[in-house]
Amino acid sequence: MYENYYGLTSKPFQLTPDPSFFYGSKWHKRAMSYLQYGLSQAEGFIVITGDIGTGKTTIANSLLDQMQDDIVAAQIVTPKLTPDELVKMVASKFHINVQGSTKSDILNDLEAFLMGLHKQGKRALLLVDEAQNLPLETIEELRMLSNFQAGGKPLLQSFLLGQEELQPILRAPNMEQFRQRIVASCHLAPLTDTECQAYIEYRMHHAGWSGEKLFSEGAYDRIFQFTHGVPRKINTLMDRILLYGFLEELETLDENAVENVIKEVSDEMFLPERQQTASSDSSILNAPVEEGQIKDVEYYKTMLTELVDALDNAISQKIKLTRYIDRLLKKKYKTYIRLKSDD
């Protein structure tokens, strides 16, 4: 709608990850370098973590866009898959028929497919997005799939992309064998204030903007304050700012224009009351707090809620680990009983 008004050839701030709009911040360039390094090694696991909206999927799509012809890639976005479900999904993504097949049959077919690629001078790559959703035993199954080898080289290489919760999962004591196969890992941080401005300008120019400076310095500062440098939040806000500028027939967008849009989107994005208030009154947000001053009740409520969420997440991870260890001990005990009976 606003593209013609600003002389753009495409929409610069889509929510759908577009590899052609990939912006390489310091950490995004490092993550891409790790992925490319991993490809050159043709073995092991690469792990990229980052908060929601920091651009993990965009990096994955950019990598797939640059993929060489000798690499056959498949990408899965994981719900909470069991080991058997993972094997089925991986095989399906490589167009292997799994209908009516047992796990053993699927593994045999998958190995035959991978060997066929090897004989053609090709290899397979699996990109696992939202990997933090995988249970420990399913990640272990992923490691087992890397055991398909030919000439001492694995036939399947995997890249894991996930939110920060993936890190404690991989640090679990029983994940030592998996950790030993990680050749590189990187955590994506949000953009800095300087990178936020450069990101906006890059996407605008990539979409065809060729005019004078469209945003004031105050506008850039306010955009960064509201989005905290998270690319997905920047895209959402920027799309609405450009729409607002078109509807109001503005040739430049200043801090007041950005503030008006923030007031609109705060309600629509279901932000907590405390954040909405902070967004609509930046003077209150930036007011210094005197030593010993008691903050409002909502502040402490929010802090407690965040603390409870963090504790719940930690407890959930410990429960998963405890259940896994319990199952492992039961298996070992059954094996011990069977061996004793054989004696």
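That block above? That's the structure.
Asker: Describe the layout of surface pockets, and please don't skip the residues or the numbers.
Answerer: Each pocket or cavity is described by its volume, and for the second largest pocket that value is around 350 Å³. Around the second largest pocket sit 26 residues that line it, and Gly53, Thr54, Gly55, Thr58 and Pro231 are the ones nearest its centre. If you list the elements that add at least two residues to the lining of the second largest pocket, you get helix H2 (56-65), helix H8 (193-206) and helix H10 (231-247). Considering each element in turn, the lining of the second largest pocket owes the most residues, four residues, to H2. For the lining of the second largest pocket, a count of residues per class yields 10 nonpolar, 10 polar and six charged.

Asker: So what's going on with H10? Which residues, and what values?
Answerer: An α-helical turn contains 3.6 residues, so any two residues separated by three or four positions project in the same direction. Here H10 spans 24 Å end to end across 17 residues, near enough to the 24 Å set by a 1.5 Å rise per residue. Directly beyond the C-terminal end of H10, a positive phi value near 55 degrees is found at glutamate 249.

Asker: Explain the pattern of salt bridges residue by residue, including any values.
Answerer: Inspection of the entire model under this criterion finds eight salt bridges. What you see here is one network of salt bridges that share partners, running through Asp84, Lys103 and Glu141.

Asker: Could you give an account of the packing of helix H1 (residues 26-41) against H2, naming the residues involved and the relevant values?
Answerer: For any two helices packed against each other, one specifies the crossing angle of their axes together with the interaxial distance. Contact geometry of H1 with H2 gives a least axis separation of 10 Å together with a crossing angle of 45 degrees. Judged on the interaxial angle alone, H2 and H1 are oblique. H1 and H2 meet at a crossing whose hand is right-handed. Every residue of H2 that contacts H1 at His28, Ala31, Met32, Leu35, Gln36 and Leu39 is listed here: Ile59, Ser62 and Leu63. Partitioning the contact of H1 with H2 into residue classes produces six nonpolar, three polar and no charged.

Asker: For the pairing of strand E3 (residues 123-129), give the residues involved together with the corresponding values.
Answerer: Most of E3 is tucked away: six of the seven residues are buried. Here strand E2 (residues 71-77) runs beside E3; their pairing, made up of seven bridges, is parallel. Directly across from valine 72, in E3, lies its bridge partner alanine 124. The sheet contact formed by E3 and strand E6 (residues 156-162) spans five bridges and is parallel. Bridge assignment links leucine 125 to a residue of E6, and that residue is glutamine 157.

Asker: Residues and numbers for the packing of helix H3 (residues 83-93) against helix H5 (residues 136-145), please.
Answerer: Axis separation between H3 and H5 bottoms out at 8 Å; the angle between their running directions is 45 degrees. Judged by the angle between their axes, H3 and H5 are oblique. In the crossing of H3 with H5, the sense of the turn from one axis to the other is right-handed. Facing H3, whose interface residues are Pro83, Leu86, Val87 and Val90, H5 presents Glu137, Thr138, Glu141, Leu142 and Leu145. Class assignment for the residues of the contact of H3 with H5 results in six nonpolar, one polar and two charged.

Rules and cut-offs
- Residues numbered from 1 in each chain as written.
- Predicted model: local features only at pLDDT ≥ 70, side-chain atom pairs only at ≥ 80, totals over all residues.
- Heavy atoms only, no water.
- 1 Å grid on protein atoms, 1.4 Å probe; cavity = no way out; pocket = protein on both sides within 12 Å on 5 of 7 lines; lining within 4 Å.
- Points joined across faces, edges and corners; volume = space filled by probe spheres on them.
- Helix = DSSP H or I, 4+ residues; strand = E, 2+ residues; numbered from the N terminus.
- Nonpolar A, V, L, I, M, F, W, Y, C, P; charged D, E, K, R; others polar.
- Expected span 1.5 Å × (residues − 1).
- Salt bridge = Lys/Arg side-chain N within 4 Å of Asp/Glu carboxyl O.
- Axes fitted to C-alpha atoms, helices over the stretch in contact; angles between N-to-C directions.
- Parallel < 35°, antiparallel > 145°, perpendicular 65-115°, else oblique.
- Left-handed = near helix turned anticlockwise from the far one by under 90°.
- Contact = heavy atoms within 4.5 Å.
- Buried < 20%, exposed > 50% of the residue type's maximum accessible area, 1.4 Å probe, protein only.
- Pairing = 2+ DSSP bridges.

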